[in-house]
Amino acid sequence: MIDELQKSNAQPLFITMHDAHPSNKDYQHSFVLYHQVSLKNWIVHVVGHVHVKEETNGYYQFAGNTFIPGYANWQYNTPQFIVDQAPQFDPNVHKYDRTVPNTVWASNAAASNDFYAGANRYPRSA
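These remarks concern the structure in this document.

Conventions we followed
Residues numbered from 1 in each chain as written. Predicted model: local features only at pLDDT ≥ 70, side-chain atom pairs only at ≥ 80, totals over all residues. Heavy atoms only, no water. Helix = DSSP H or I, 4+ residues; strand = E, 2+ residues; numbered from the N terminus. Buried < 20%, exposed > 50% of the residue type's maximum accessible area, 1.4 Å probe, protein only. Polar contact = N/O pair within 3.5 Å; in protein donor to acceptor, adjacent residues only side chain to side chain. Contact = heavy atoms within 4.5 Å. Phe/Tyr/Trp six-rings, centres within 6.5 Å; stacked < 30°, edge-to-face > 60°. Core = buried A, V, L, I, M, F, W, Y, C linked by side-chain atoms within 4.5 Å. Arc of directions from axis to C-beta.

**Concerning the side chain of Ser30**
Now for step 1: Relative to the helices and strands, Ser30 is located in strand E2 (residues 29-39).
Now for step 2: Judged by relative accessible area, which is 9%, Ser30 ranks as buried.
Now for step 3: Reaching out from Ser30, the side chain makes a polar contact with the side chain of His51 at a distance of 2.6 Å.
Now for step 4: Ignoring any residue separated from it by four or fewer positions in sequence, one finds Ser30 in contact with Thr16, Met17, His18, Val50 and His51.

**Section: the packing of aromatic side chains**
Now for step 1: Going through the model one piece at a time under the given rule, you end up with 11 aromatic pairs.
Now for step 2: Ring centres of Phe31 and Trp105 lie 6.1 Å apart, and the angle between their planes is 80°; on these two criteria the pair is classed as edge-to-face. Within this pair, whereas Phe31 is found in strand E2, its partner Trp105 is found in strand E6 (residues 105-106), the two being separated by 74 residues in sequence.
Now for step 3: Among the residues examined, Phe31 registers a relative accessible area of 0% and is labelled buried.
Now for step 4: Aromatic ring contacts, followed pair by pair, group Phe14, Tyr34, Phe115 and Tyr116 into a single cluster.

**Quick look at the nonpolar core**
Now for step 1: With 19 residues, the main nonpolar core has Ile2, Leu5, Phe31, Leu33, Val46 and Val50 as its most contacted residues.
Now for step 2: Of all the secondary structure elements, the ones that give two or more residues to this core are helix H1 (2-7), strand E1 (14-19), E2, strand E3 (42-55) and helix H2 (80-85).
Now for step 3: Looking at which element gives the most residues to this core, the answer is E3, with 4 residues.
Now for step 4: Once you skip the residues sitting within four places of it in the chain, Leu33 turns out to touch Pro12, Phe14, Ile15, Val46, Val47, Gly48, Val50, Ile82, Gln85 and Ala86.
Now for step 5: Formed by 6 residues, the second largest nonpolar core is a distinct cluster that contains Val32, Tyr34, Val47 and Ala111.

**Things to note about the side chain of His29**
Now for step 1: Relative to the helices and strands, His29 resides in strand E2.
Now for step 2: Apart from residues no more than four positions distant in its own chain, His29 is found in contact with Met17, His18, Asp19, Ala20, Val50, His51, Val52 and Phe89.

**Notes on helix H3 (residues 109-117)**
Now for step 1: Buried residues of H3: Ala111, Ser112 and Phe115, and no others. Projected down its long axis, H3 carries its buried residues within an arc of 100°, all on one side. Every exposed residue of H3 that faces more than 90 degrees away from the buried side is listed here: Asn113 and Ala117.
Now for step 2: As for H3, its buried residues are in contact with E1, E2, E3 and E6.
Now for step 3: For H3, the capping residue at the N-terminal end is Asn108, with a side-chain oxygen 3.2 Å from the backbone nitrogen of Ala110.
Now for step 4: Positive backbone phi, approximately 105°, marks Gly118, located one or two places after H3.

Structure below.
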């Protein structure tokens, strides 16, 4: 699955950004990159997390996990080519307020809304 994405140089359909739970000490934010791949008459979405850690000299971005929504027991470290597709974190642009609904930053709000509405979220036949 990941090999297909890398070989085709697939670009994310959209990207969202979430803040980590305040108790998380490993990172403060996560970019979530959503890709689509077609394999053997199936359309599958692959979701990769790229974590953002605030450090004294700026922000460090690193791999989280990648998974297929709705497919049990399939996840592994986000590959470097997906990490490289994440935007550079900018606190003035990539804002999220966990206390206010629908305040997640998204590169394409319409695609994000469609995905989370369920129409494109789970593997389906082509």
